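What follows is each chain in one-letter form.
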Amino acid sequence: MKMEGEATTLKRTLAEWKFSQYPKYILLPIDENNEQISSNVKNVVFSEATPIPLENNVRLVCVSVDALANILDMDPDVSNREEFVEFVSGRKLPYGALPIAHRYGGHQYGLWAGQLGDGRAHIIGEYVNSRNERWQLQLKGSGPTPYSRMRDGRLVLRAAIREMVVSEACHYLGVPTTRAAAVIVSDEAVVRDMYYSGCPRRESAAVVLRLAKCWFRFGSLEVLSRAGELTVLRQLTDFIIKEHFPDIHLSDENRFIRLFSDIAHRTLDMVAKWQGLGFTHGLLNTDNMSILGITMDYGPFGFVDSYDSGFVANCSDGEGKYALAKQPDVVVWNIGQLANALKPLLTSSQQVHMLHILKTLDTYCKNKILETFLMKIGLKEERWGDEQLVEKLLDMMQQTGADFTATFRQLAELEPSELVSEVKISEKWSLKRLSSHASWGCWLDQYRERLDKEAVDASSVGMFEDERRRRMLSVNPIYVPRNWILHEAIVDAEKDDFGKVQFLLEVIRRPYDINPEAELRGFSAQPPQWAYALKISCST
Ligand code: AMP
Ligand code: MG
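Note that the coordinates shown come from a computational prediction; the quantities given were computed from them, not determined experimentally.

### So, the domain arrangement of the chain
Along its sequence, the chain is organised into domain 1 (4-215), domain 2 (219-375) and domain 3 (380-475). The straight-line distance from the C-alpha centre of domain 2 to that of domain 3 is 32 Å. Taken together, the contact between domain 2 and domain 3 spans 15 residues of the former and 16 residues of the latter. Regarding the contact of domain 2 and domain 3, the summed buried area is about 1,400 Å², with carbon and sulfur atoms giving 63% of it.

### Re the pattern of salt bridges
One pass over the structure, following the stated rule, counts 41 salt bridges. The shortest N-O distance in the salt bridge between Glu-86 and Lys-92 comes to 3.3 Å. The exposure class of Lys-92 is partly exposed, given its relative accessible area of 48%. One connected set of salt bridges, linked through shared partners, spans Asp-118, Lys-140, Glu-163, Arg-210, Arg-217 and Asp-297.

### Section: the site of ligand 1
In the vicinity of ligand 1 there are 16 residues, among which Gly-117, Gly-119, Asp-152, Gly-153 and Asn-288 approach most closely. Contact between ligand 1 and Arg-149: an oxygen atom at 3.3 Å from a side-chain N or O atom of the residue. One of the backbone N or O atoms of Arg-154 is found 3.3 Å from a nitrogen atom in ligand 1. Contact with the protein chains removes 88% of the 480 Å² of surface that ligand 1 exposes when unbound. The class makeup of the residues in the shell around ligand 1 is 3 nonpolar, 5 polar and 8 charged. Looking at which domains feed residues into the shell around ligand 1, each of domain 1 (4-215) and domain 2 (219-375) supplies at least three.

### Let's talk about the environment of Ile-263
The residue Ile-263 is located in helix α6 (residues 255-277) in this model. Given a relative accessible area of 1%, Ile-263 falls into the buried group. Sequence separation between Ile-263 and Phe-245 is 18 residues; the distance between their C-alpha atoms is 9.5 Å.

About the thresholds
- Residues numbered from 1 in each chain as written.
- Chains lettered and ligands numbered in written order.
- Predicted model: local features only at pLDDT ≥ 70, side-chain atom pairs only at ≥ 80, totals over all residues.
- Heavy atoms only, no water.
- Domains from an automatic or database assignment.
- Contact = heavy atoms within 4.5 Å.
- Buried area = accessible area lost by both parts, 1.4 Å probe.
- Salt bridge = Lys/Arg side-chain N within 4 Å of Asp/Glu carboxyl O.
- Buried < 20%, exposed > 50% of the residue type's maximum accessible area, 1.4 Å probe, protein only.
- Near = heavy atom within 4 Å.
- Polar contact = N/O pair within 3.5 Å; in protein donor to acceptor, adjacent residues only side chain to side chain.
- Areas by Shrake-Rupley, 256 points an atom, 1.4 Å probe, with all protein chains shown as cover.
- Nonpolar A, V, L, I, M, F, W, Y, C, P; charged D, E, K, R; others polar.
- Helix = DSSP H or I, 4+ residues; strand = E, 2+ residues; numbered from the N terminus.

Set out below in structure tokens:
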């Protein structure tokens, strides 16, 4: 293992770069039948599956310099080499690769959907990096697998770009997430009816290289439990504990309960981060919920612009099942499905214990979200009345259509004394809108009073002010990948101009710092009118 401060020599060619010779996943049952499986395969966690490389003018769209250098120990210049494109397309797999597709199931929109599995993704191997972290590399869009269920196994460029940018953005915004290292595109056409309107169009097939410590989902355990494959269920659950939850001992007879509790709490910590950023995942099916409590499988997501608790990112979610404010409840329900999956491994008293944990989760999540919002408005600890203060602010935002990201940022940019100045407020486009609310003055009085209370406890009011603003600026981003910004980058990328995507990837690396070029492009200004009508398809 490298010692801290010791420089890592980044690999300059793929010939120097190798997968771990023994990926840990070979310890789990892998089906060797590399064919399409129409009915359910039994007693396996993976199937062998070979990527089908994209043909036809395959080229690089973008990379994450950080993921390449700091996760994969690759000199980012490697991405300029033809061999890198061949690697991401699945044509030339580095030494030690063992491509597989994962078998999982899931509840979709609340209903059990049966076996799903990686229908267009291949885990190609594990890399142990210079920090001794073990990462699984996955290609998404790399062709059909035994779990494709007659679909094409491909991913369109717009979806690959959205996944790439948002994975990296979430990482820098402090949201636990899978990562993305690169996107490639080809002239190979796939047909998608983006809005399910009977107007299919040809789009370019792309591949995104994704990274995670593992790709297990709630649905990984659900499919085994539902099928009554309890030996494999126990085997996989113990494997997850051993590899990913080192604080839990395999000899502990309550290990499954501890695992459940850890996953549940990590997952809800993640949800609190989402709510604090106005992030809506869009497709909260249990097959898209990581057992590591990290955000995964980005599709029809959105960061809300004008605040609306009922904001729905996914245009296929007509009932608004996965609306912004419903996410905590939906995720707690999903955790309930994880509990059901683990039930056969528990004694009856352990099952009762698990139910007790489940019952505490709503409150846990609510408190985490409140904590998040208090930090956003610069308060360190909760006091009586704080919950109403936050609720009132969100109500006013909803009623005035104030922008979510910009309102919190602009609150951080002004001194409390400046908040009462009409001139100062009129310089802040979102606060200006918010301040048109009849209750704004009253709310402001309460807010300033509350800030004063905390300042009184600090040794010096001046120092407290500086420190508070620093804190607020560090939790309220100026830039998030809004749908309109992604849309413009994608329109260009579909014409083979990747400049905007690459620029966006640069901006989201520092979401809390002003970027002069991003300012010129209006990234923190009021979104253009057309942005509010954008719809995001889950057809990817
Ligand atoms: P998603 O909606 O992306 O979470 O995917 C749900 C399920 O559908 C997963 O099993 C995917 O692998 C599968 N799937 C989605 N699109 C495709 C595709 N084009 N080809 C094969 N499988 C797909
Ligand atoms: Mg998925």
